[in-house]
Amino acid sequence: MKIDLSDVGLPRKCLMMVRDVYNHPNTNSHTKDFIRFELQKILGRDYDIKKFLSK
């Protein structure tokens, strides 16, 4: 099944969901480190991942 990414809001919604998981009170430090690491890999060094993830 092909995923239709014509809705540009979808990537934004996905990033917001990841941020919500990161900031959830039950998310442990290992998971937070993993989220930061993976986002840095995907988005590169041009973005301030820590600033984005902190609400």
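Use the structure listed above.
Residues numbered from 1 in each chain as written. Predicted model: local features only at pLDDT ≥ 70, side-chain atom pairs only at ≥ 80, totals over all residues. Heavy atoms only, no water.

Looking at the overall build of the chain
Next, step 1: Looking only at helices and strands, the chain has three helices and zero strands in total.
Next, step 2: Starting at the N terminus, the α and β elements of the chain follow one another as α-α-α.
Next, step 3: For the chain, the spread of C-alpha atoms along the principal axes amounts to about 35 × 25 × 20 Å.
Next, step 4: Split into buried and exposed, the 55 residues of the chain put 11% on the buried side.
Next, step 5: Accessible area of the chain: about 4,900 Å², with a carbon and sulfur share of 58%. (Helix = DSSP H or I, 4+ residues; strand = E, 2+ residues; numbered from the N terminus. Buried < 20%, exposed > 50% of the residue type's maximum accessible area, 1.4 Å probe, protein only. Areas by Shrake-Rupley, 256 points an atom, 1.4 Å probe, with all protein chains shown as cover.)

Considering the packing of aromatic side chains
Next, step 1: Inspection of the entire model under this criterion finds zero aromatic pairs.
Next, step 2: A cation over an aromatic ring shows up here: R19 above the ring of F52, its NZ or CZ 5.3 Å from the ring centre.
Next, step 3: Above the plane of the ring of Y22 lies K32, whose end atom (NZ or CZ) is 5.2 Å from the centre. (Phe/Tyr/Trp six-rings, centres within 6.5 Å; stacked < 30°, edge-to-face > 60°. Lys NZ or Arg CZ within 6 Å of the ring centre and 35° of its normal.)

What about the packing of helix 1 (residues 9-23) against helix 2 (residues 29-43)?
Next, step 1: Two numbers describe how helix 1 lies on helix 2: the axes approach to 10 Å, and their chain directions differ by 155°. One element, helix 1, and the other, helix 2, form an angle in the roughly antiparallel class. Relative to helix 2, the crossing made by helix 1 is left-handed. Seen from helix 1, the contacting residues are L15, V18, V21 and Y22; seen from helix 2, they are K32, I35, R36 and L39.
Next, step 2: Its residues assigned to classes, the contact of helix 1 with helix 2 shows six nonpolar, no polar and two charged. (Axes fitted to C-alpha atoms, helices over the stretch in contact; angles between N-to-C directions. Parallel < 35°, antiparallel > 145°, perpendicular 65-115°, else oblique. Left-handed = near helix turned anticlockwise from the far one by under 90°. Contact = heavy atoms within 4.5 Å. Nonpolar A, V, L, I, M, F, W, Y, C, P; charged D, E, K, R; others polar.)

What about the pattern of salt bridges?
Next, step 1: According to the stated counting rule, one finds two salt bridges in the structure shown.
Next, step 2: Between D33 and R36 there is a salt bridge, with its nearest N and O atoms 2.6 Å apart. Here the residue D33 and the residue R36 both occupy positions in helix 2, the gap between them amounting to three residues, near one helical turn. (Salt bridge = Lys/Arg side-chain N within 4 Å of Asp/Glu carboxyl O.)

So yeah, pure geometry; function would need other evidence.
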